[in-house]
Structures are given as C-alpha cells and as structure tokens.
Amino acid sequence: MTFDPSTVPLPSLAGYGAITPQMPSPEELERIKAAITLDIPPLSEAEVSDIISFLHALTDPSSIGGKLGAPASVPSGLPVDSILD
C-alpha cells in the first residue's frame, strides 16, 4: 500500500518516450487488498538472505556461459537460440 511508482527505475524505450508506472485507484487497491486470503508467515533473516542469493545467481555473468548455460541441442531437435551468439 506504500509503493511509490516514482521510485521505479525503468529503462527508456526507443520511440515511446518516458514511461510512468501507474497505480490503481484507491478503491481498486482496497478491492485487491480484500481479495488476499493467504496467511503468509513472515520470513526469517536467513530465508530472506537465501532468496536474495538465489536472485543474484540468476543474473550472475558466470551462469550465462558456465556449466548450466544453454544446451547445444534439445531432444525435440528444435533450434536452440544462444544469447552468446
């Protein structure tokens, strides 16, 4: 409920000009809040640290060309695009 869209660093998109995130109306925010029925317990510091480490691993440059990079082929025989090409 305290999210400020002006704090979101968005990349510029060629030809589209400035992009400004839009927030739902207060009524819509209340409707969304009322629809949330999950009872999620708070995360421990260790759990938060594990999640952050996982997210960093997804963007680690060594993961792109490393052992777990894109396969050379797939069983279906379909072409595999590589971000390194």
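These numbers come from a predicted model, not from an experiment.

Cut-off values and rules
- Residues numbered from 1 in each chain as written.
- Predicted model: local features only at pLDDT ≥ 70, side-chain atom pairs only at ≥ 80, totals over all residues.
- Heavy atoms only, no water.
- Salt bridge = Lys/Arg side-chain N within 4 Å of Asp/Glu carboxyl O.
- Helix = DSSP H or I, 4+ residues; strand = E, 2+ residues; numbered from the N terminus.
- Buried < 20%, exposed > 50% of the residue type's maximum accessible area, 1.4 Å probe, protein only.
- Contact = heavy atoms within 4.5 Å.
- Patch = residues over 30% accessible without salt bridge, like charges linked within 9 Å, V, L, I, M, F, W, Y side chains within 5 Å.
- Areas by Shrake-Rupley, 256 points an atom, 1.4 Å probe, with all protein chains shown as cover.
- Polar contact = N/O pair within 3.5 Å; in protein donor to acceptor, adjacent residues only side chain to side chain.
- pLDDT = per-residue confidence, 0-100.

**Observations concerning the pattern of salt bridges**
On inspection of all chains with the given rule, the structure shows one salt bridge. Of the charged contacts in the structure, one is a salt bridge between Arg-31 and Glu-28, with a shortest N-O distance of 2.8 Å. Taken together, the positions of Arg-31 and Glu-28, both in helix H1 (residues 26-35) and three residues apart, correspond to about one turn of that helix. Among the residues examined, Arg-31 registers a relative accessible area of 52% and is labelled exposed.

**Some words on the environment of Val-80**
Mapped onto the fold, Val-80 is located in the segment after helix H3 (61-65). For Val-80, a relative accessible area of 29% puts it in the partly exposed group. Along the backbone, Val-80 and Ala-70 are ten residues apart, and their C-alpha atoms lie at a distance of 7.7 Å. If we ignore the near neighbours within four places in the chain, the residues touching Val-80 are Ala-70, Pro-71, Ala-72, Ser-73 and Val-74.

**Description of a nonpolar patch on the surface**
Residues Leu-43, Val-48, Ile-51, Ile-52, Phe-54, Leu-55 and Leu-58 make up a contiguous nonpolar surface patch of about 650 Å² in total accessible area. The residue Leu-58 is located in helix H2 (residues 45-58) in this model. Look at Leu-58 and you get exposed, because its relative accessible area is 56%.

**Focus: the environment of Ser-76**
Among the structural elements, Ser-76 can be located in the segment after H3. Among the polar contacts listed, one links the side chain of Ser-76 to the backbone nitrogen of Leu-78, at a separation of 3.2 Å.

**Some words on the confidence of the model for the protein**
Mean pLDDT over the protein works out to 80, with 80% of the residues at or above the 70 mark. Within the protein, no element has a lower average pLDDT than H3, which sits at 67, and none a higher one than H2, at 92.

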